[in-house]
Amino acid sequence: MSNQLPDLIVVAGALVRDGALLVAQRSRPPDLAGLWELPGGKVAAGESEDVALARELREELGIGVTVGARLGGDVSLTESVVLRAYLVTQTDGVLHPHDHRALRWVGTDELDTLPWVPADRAWLSELSTVLGAATSGVRPDRHRG
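Residues numbered from 1 in each chain as written. Predicted model: local features only at pLDDT ≥ 70, side-chain atom pairs only at ≥ 80, totals over all residues. Heavy atoms only, no water.

**Examining the overall build of the protein**
Working step 1: For the protein, the count of helices and strands is three helices and seven strands.
Working step 2: Put simply, the protein runs from its N terminus to its C terminus through helices and strands in the order β-β-β-β-α-β-β-β-α-α.
Working step 3: What you see for the protein is a C-alpha radius of gyration of 15 Å, in line with the 15 Å of a compact globule of 145 residues.
Working step 4: Every one of the 145 residues in the protein was classed for burial, and the buried ones make up 41%.
Working step 5: Sequence-distant contacts, at least 24 apart, represent 68% of the contacts inside the protein between residues at least 6 apart.
Working step 6: Accessible surface for the protein amounts to roughly 7900 Å². Of this, 52% is attributable to carbon and sulfur atoms.
Working step 7: Where the 14 positive side-chain charges of the protein centre and where its 20 negative ones centre are 5 Å apart. (Helix = DSSP H or I, 4+ residues; strand = E, 2+ residues; numbered from the N terminus. Rg over C-alpha atoms; globule rule 2.2 N^0.38 Å. Buried < 20%, exposed > 50% of the residue type's maximum accessible area, 1.4 Å probe, protein only. Contact = heavy atoms within 4.5 Å. Areas by Shrake-Rupley, 256 points an atom, 1.4 Å probe, with all protein chains shown as cover. Lys, Arg positive; Asp, Glu negative; His and termini not counted. Charge placed at Lys NZ, Arg CZ, Asp CG, Glu CD.)

Right, dumping it as structure tokens:
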């Protein structure tokens with residue numbers, strides 16, 4: 001029984017808008033290049049998870065976000081590294097793939113068919129539920145700025 005805290009936490013953001021989820025295509029490392037993921041990155045020493053996620057999404061996507069609820073459980077990447085996902089809401093900026101090959105909006109029907117980074121597959125059920133809830137209510141007009 002191990003109650004040891006992870007040495008490193010990696011955070012990922014699930015940005016949902018108009019019933020679609022933003023996914024990012026990795027450009028590196030070679031074994032993950034071309035696969036899709038929730039964008040995010042490492043929590044630095046002394047940084048909270050929400051501050052780290054907001055910083056990473058500003059660096060990787062050029063947007064400001066508000067970090068919301070946790071999505072699913074921890075995903076162990078190694079014995080000492082854990083991956084955690086959070087729902088996020090964009091507050092400013094313009095989306096741009098600064099650190100990825102491409103960005104794409106996907107709906108519930110595309111979640112299972114997308115070539116995901118293996119670790120992010122752990123959240124597909126929760127993401128499907130979130131997207132389903134987002135499309136079942138009154139949807140705002142699709143405005144493109």
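**What to know about the packing of aromatic side chains**
Working step 1: Counting across every chain of the model gives zero aromatic pairs.
Working step 2: Stacked on the ring of Tyr86, the Lys or Arg Arg70 has its end atom at 5.7 Å from the ring centre.
Working step 3: Above the face of the Trp36 ring, Arg104 is positioned so that its terminal group lies 5.6 Å from the ring centre. (Phe/Tyr/Trp six-rings, centres within 6.5 Å; stacked < 30°, edge-to-face > 60°. Lys NZ or Arg CZ within 6 Å of the ring centre and 35° of its normal.)

**Quick notes on the nonpolar core**
Working step 1: Formed by 21 residues in total, the largest nonpolar core has its most connected members in Leu21, Leu38, Leu111, Trp116, Trp123 and Leu127.
Working step 2: Contributions of two or more residues to this core are made by β1 (8-17), β2 (20-25), β5 (63-76), β6 (81-93) and α3 (124-136).
Working step 3: In this structure Leu21 touches Ala14, Leu15, Val16, Leu38, Arg104, Trp105, Val106, Leu111, Trp116, Leu127 and Leu131, once residues within four positions along its chain are discounted. (Core = buried A, V, L, I, M, F, W, Y, C linked by side-chain atoms within 4.5 Å.)

**Examining the confidence of the model for the protein**
Atom-level detail of predicted coordinates should not be read off regions where pLDDT is low.
Working step 1: The predicted model of the protein has a mean per-residue pLDDT of 90, with 91% of residues at 70 or higher.
Working step 2: Across the protein, element-level confidence peaks in strand β3 (residues 36-37) with a mean pLDDT of 98 and bottoms out in α3 with 89. (pLDDT = per-residue confidence, 0-100.)

**Some points on the pattern of salt bridges**
Working step 1: In the structure shown here, the tally under the stated rule is ten salt bridges.
Working step 2: Here Arg55 and Glu56 are joined by a salt bridge, their closest N and O atoms 3.1 Å apart.
Working step 3: Judged by relative accessible area, Arg55 falls into the partly exposed class, the value being 26%.
Working step 4: In this structure, Arg55 and Glu59 form a salt bridge, with 3.5 Å as the shortest nitrogen-oxygen distance. Of the two residues, Arg55 and Glu59 both sit in helix α1 (residues 49-61), four residues apart, roughly one turn of that helix. (Salt bridge = Lys/Arg side-chain N within 4 Å of Asp/Glu carboxyl O.)

**Topic: the side chain of Glu37**
Working step 1: Among the secondary structure elements, Glu37 is positioned in strand β3.
Working step 2: Residue classification places Glu37 among the buried residues on the basis of a relative accessible area of 9%.
Working step 3: When sequence neighbours within four positions are dropped, the list of residues in contact with Glu37 reads Val23, Ala24, Arg26, His100, Trp116, Val117 and Asp120.

**Examining α1**
Three or four residues apart is the spacing at which side chains of an α-helix point the same way, because the helix has 3.6 residues per turn.
Working step 1: An ideal rise of 1.5 Å per residue puts 18 Å on 13 residues; α1 measures up with 17 Å between its terminal C-alpha atoms.
Working step 2: Within α1, burial applies to Glu49, Ala52, Leu53, Glu56, Leu57, Glu60 and Leu61. Down the axis of α1, the sector holding all buried residues measures 125°, keeping them to one side.
Working step 3: On its buried face, α1 sits against β1, β2, β4 (40-42), β5, β6 and β7 (102-106).
Working step 4: Looking at the residues trailing α1, positive phi occurs at Gly62, about 75°. (Expected span 1.5 Å × (residues − 1). Arc of directions from axis to C-beta.)

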